[in-house]
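Read off the chains here:
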Amino acid sequence: MTKVLIATDKPFAPVAVNGIREIVEAQGYELVLLEKYTSQDELIAAVADVDAMIIRSDKATKEVIEAAKKLKVIVRAGAGFDNIDLAACTAHNVVAMNTPGQNSNAVAELAFGMMVYMARNFFNGKSGSELKGKKIGIHAYGNVGQNVGRIARGFGMEVYAFDPFMTDEQIKAAGATPLHSAEEMYGMCQYISLHIPATEQTKKSINYDLLKNMPKGAVLVNTARKEVIDEEGLGKLMEERADFHYITDIAPDCDCFNKFEGRFFATPKKMGAQTEEANVNAGLAAARQIVNFIEKGDEKFRVNK
Ligand code: 3PG
């Protein structure tokens, strides 16, 4: 019998697990669940006899892929697939997919939750500031970025975007003013919201030189990946500039930002996509993609070549 594993260190909402189960069992497959596991060894043991698996930010390393002797397809229920060893998948004839767009509204809403929380002094009651009228620069204008743009317009912000993979017309059609370099955008926007993936090109690319030109009262909002930040450079800048703020859904590895009281905030565990709606959207999409691949060979959303 075809076995589908859900391996989630950070579990989906039960309603999403139930929905995935329905899709999988309607097909006559068996669903196996591994949640809140505490070591990679547990994951490695769980993949031994599965044909397909659904993960979130779980690390599908070479060791995991090699241990999954029957694995044909792995779906990252979400956007970023930097947690999957794509070369190992390709080497072992495993199709890797993501579910783009399915959790993007949840991430965008959290970005605004954090912005308001920061602008209102962590709800301590002291006089804060408003988002209306402020310039926001959206770094990468894909699914999450465009949701951030939509919400920003509702707040009455001036919305700018930089995305080297989109034309000016596409960016304008999606409601933002296109800019043509990160330098230009960081130089003029008080708020910057990051939506770039973690790749060899982007790692540590949000650095001192780029950030230092942000206007007074700068707020860097990170709901993307911690790897894109040059933490050393950002820390140095925050030492130098008492007006610089960093709010993130991906806590830095070091606790060296905690000293920037009132200017730094990190969620305890990455939670941008942690809503029932996003879990249902991404989880069920993942289950359907698995069925479509196994039954019809449908490779739409494949991310490894
Ligand atoms: C994504 O890439 O889809 C988001 O970062 C969400 O990740 P998560 O599923 O680990 O919450």
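Residues numbered from 1 in each chain as written. Predicted model: local features only at pLDDT ≥ 70, side-chain atom pairs only at ≥ 80, totals over all residues. Heavy atoms only, no water.

In the annotation of an unreviewed UniProt entry, the entry for the protein reads 3-phosphoglycerate dehydrogenase, and the organism field reads Butyricimonas hominis. According to its UniProt record, the protein has this under Sequence similarities (unreviewed entry): "Belongs to the D-isomer specific 2-hydroxyacid dehydrogenase family." (UniProt positions renumbered as here; feature names shortened; annotations may be inferred.)

Engineer: Looking at this structure, I do not really get helix α1 (residues 14–26). What am I missing?
Structural biologist: Count 3.6 residues to each turn of an α-helix, and residues three or four apart come out pointing the same way. With 13 residues, α1 ought to run about 18 Å at 1.5 Å a step, and its terminal C-alpha atoms sit 18 Å apart, in line with that. Within the sequence span of α1, burial applies to Ala16, Val17, Gly19, Ile20, Ile23 and Val24. Each buried residue of α1 sits inside an arc of 160° when the element is viewed along its axis, so together they form one side. Projecting away from the buried face of α1 at angles above 90 degrees are the exposed residues Pro14, Glu22 and Ala26. Against the buried residues of α1 lie β1 (3–8), β2 (30–35), β3 (52–55) and α11 (276–296). At the exit of α1 stands Gly28, carrying a positive phi of roughly 85°. (Helix = DSSP H or I, 4+ residues; strand = E, 2+ residues; numbered from the N terminus. Expected span 1.5 Å × (residues − 1). Buried < 20%, exposed > 50% of the residue type's maximum accessible area, 1.4 Å probe, protein only. Arc of directions from axis to C-beta. Contact = heavy atoms within 4.5 Å.)

Engineer: I would appreciate a short explanation of the site of the ligand in the present structure.
Structural biologist: Around the ligand, the neighbouring residues are Lys10, Arg56, Ser57, Arg76, Gly78, Ala79, Gly80, Asn103, Arg225, Lys270 and Ala273. Between an oxygen atom of the ligand and a side-chain N or O atom of Lys10, the distance comes to 2.7 Å. A distance of 2.3 Å separates an oxygen atom of the ligand from a polar atom in the side chain of Ser57. Computed on the free molecule, the ligand has an accessible area of 320 Å², of which 95% lies beneath the protein chains in the complex. When each cavity is represented as a set of grid points, the ligand is found to reside in the largest pocket. A breakdown of the residues in the shell around the ligand according to their chemical character gives two nonpolar, four polar and five charged. (Near = heavy atom within 4 Å. Polar contact = N/O pair within 3.5 Å; in protein donor to acceptor, adjacent residues only side chain to side chain. Areas by Shrake-Rupley, 256 points an atom, 1.4 Å probe, with all protein chains shown as cover. 1 Å grid on protein atoms, 1.4 Å probe; cavity = no way out; pocket = protein on both sides within 12 Å on 5 of 7 lines; lining within 4 Å. Sits in = over half its atoms within 2 Å of the grid points. Nonpolar A, V, L, I, M, F, W, Y, C, P; charged D, E, K, R; others polar.)

Engineer: Mind showing me how you'd approach the UniProt feature "domain: D-isomer specific 2-hydroxyacid dehydrogenase catalytic" (unreviewed entry) in the protein here?
Structural biologist: As recorded in UniProt, the feature "domain: D-isomer specific 2-hydroxyacid dehydrogenase catalytic" (unreviewed entry) lies at residues 21–304. Within the segment residues 21–304, helix and strand shares are 36% and 16% respectively, and the terminal C-alpha atoms sit 26 Å apart.

Engineer: Whenever I open this one, the domain arrangement of the protein confuses me. Can you help?
Structural biologist: A common way to express how large an interface is: the accessible area buried when the components associate. One can read the domain layout of the protein as domain 1 (3–102 + 274–296) and domain 2 (104–266). Its C-alpha centre places domain 1 at a distance of 30 Å from the equivalent point of domain 2. Each partner contributes to the interface: domain 1 provides eight residues, whereas domain 2 provides five residues. Together domain 1 and domain 2 conceal approximately 480 Å² of surface at their shared face, both sides included; 44% is due to carbon and sulfur atoms. Looking at the side of domain 1 facing domain 2, the largest losses of area belong to Asp82, Gly101 and Thr275, adding up to 64% of the total buried there. On inspection of domain 1 and its partner domain 2, the count reaches one salt bridge. The partner of Arg225 in a salt bridge is Asp82, with the nearest N and O atoms 3.1 Å apart. Taken together, domain 1 and domain 2 are joined by two residue pairs in polar contact (both at pLDDT 80 or more). Looking at the side of domain 1 that touches domain 2 residue by residue, the classes come out as two nonpolar, four polar and two charged. (Domains from an automatic or database assignment. Buried area = accessible area lost by both parts, 1.4 Å probe. Salt bridge = Lys/Arg side-chain N within 4 Å of Asp/Glu carboxyl O.)

Engineer: Would you mind showing me how to read the nonpolar core here?
Structural biologist: Side chains of nonpolar character tend, in soluble globular proteins, to be buried together. Within the largest apolar cluster, 30 residues are counted, with the highest numbers of intra-cluster contacts made by Tyr186, Leu194, Ile206, Leu211, Leu220, Leu234 and Phe244. One finds Met114, Ala119, Val159 and Val219 within the second-largest nonpolar core, a separate group that totals 29 residues. (Core = buried A, V, L, I, M, F, W, Y, C linked by side-chain atoms within 4.5 Å.)

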